[in-house]
Amino acid sequence: MEWGEFDKVIIVEGSSDRRKVASVLNEDVEIRCTNGTISLTKLDDLVDELMDRDVYLLFDADESGEKLRKQFRREMPEANHLYINKMYKEVESSPEHHIATVLLSANMNVKMKFLSQRVND
């Protein structure tokens, strides 16, 4: 996949988060990792690169996730913020049905099996 190939971009913290989100999605969405932190220079480059695209932020419900979220809120105010339930703390440790529900709330196409999982639990 080439950068810029899709209209939607989800930015997550790490590669485990990327794998979790990708496993739930049922549409082509670019998923980028910050690898936990991002310098102001890299963030500025990312803002320029993603200017005409729908950007979604999905970070952990912890201190480092909030720090990233604040950086992005300042530099990319038009980005859509997606939140996991604080009881799960991390994107990668959140159940698939929860990630699916979060993505569905942002009008993303998700694999229905993850939504039916919640009903059967």
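Keep in mind it's a predicted model, so treat the numbers as computed, not measured. (Residues numbered from 1 in each chain as written. Predicted model: local features only at pLDDT ≥ 70, side-chain atom pairs only at ≥ 80, totals over all residues. Heavy atoms only, no water.)

### With respect to the packing of helix α1 (residues 15-24) against helix α4 (residues 96-105)
Keep this limit in mind: To define axes, lines are fitted to C-alpha atoms, for helices over the stretch in contact only, and angles between the resulting N-to-C directions are given on a 0 to 180 degree scale. Here a helix means four or more residues in a row that DSSP labels H or I, a strand means two or more in a row labelled E, and each is numbered from the N terminus. For classification purposes, an angle smaller than 35 degrees is called roughly parallel, one larger than 145 roughly antiparallel, one from 65 to 115 roughly perpendicular, and anything else oblique. Throughout, a residue-residue contact means that at least one pair of heavy atoms, one from each residue, lies within 4.5 Å.
Direction vectors running N to C along α1 and α4 enclose 75°, while the axes themselves pass 9 Å from each other. Judged on the interaxial angle alone, α4 and α1 are roughly perpendicular. Each of K20, V21, S23 and V24 in α1 lies in contact with α4, whose residues at this interface are E96, I99, A100 and L103.

### A short note on the UniProt feature "domain: Toprim" (unreviewed entry) in the chain
Here is the rule we go by: UniProt positions are given in the numbering used here, feature names are shortened, and annotations may be inferred rather than shown by experiment.
In this structure's numbering, the residues bearing the UniProt feature "domain: Toprim" (unreviewed entry) are residues 7-95. Between the end C-alpha atoms of residues 7-95 the distance is 26 Å, and the span holds 37% helix and 21% strand.

### Here's the deal with the environment of L50
Quick note on the threshold: Exposure categories follow from relative accessible area, calculated using a 1.4 Å probe and restricted to protein chains: below 20% of the type maximum is buried, above 50% is exposed, and the middle band is partly exposed.
Positionally, L50 belongs in the loop between α2 (40-49) and β3 (54-59). When its relative accessible area of 2% is taken as the criterion, L50 is described as buried. Sequence-wise, L50 and M108 are 58 residues apart; in three dimensions their C-alpha atoms are separated by 18 Å. Ignoring sequence-local partners within four residues, the contact set of L50 consists of V9, I11, R32, V55 and M76.

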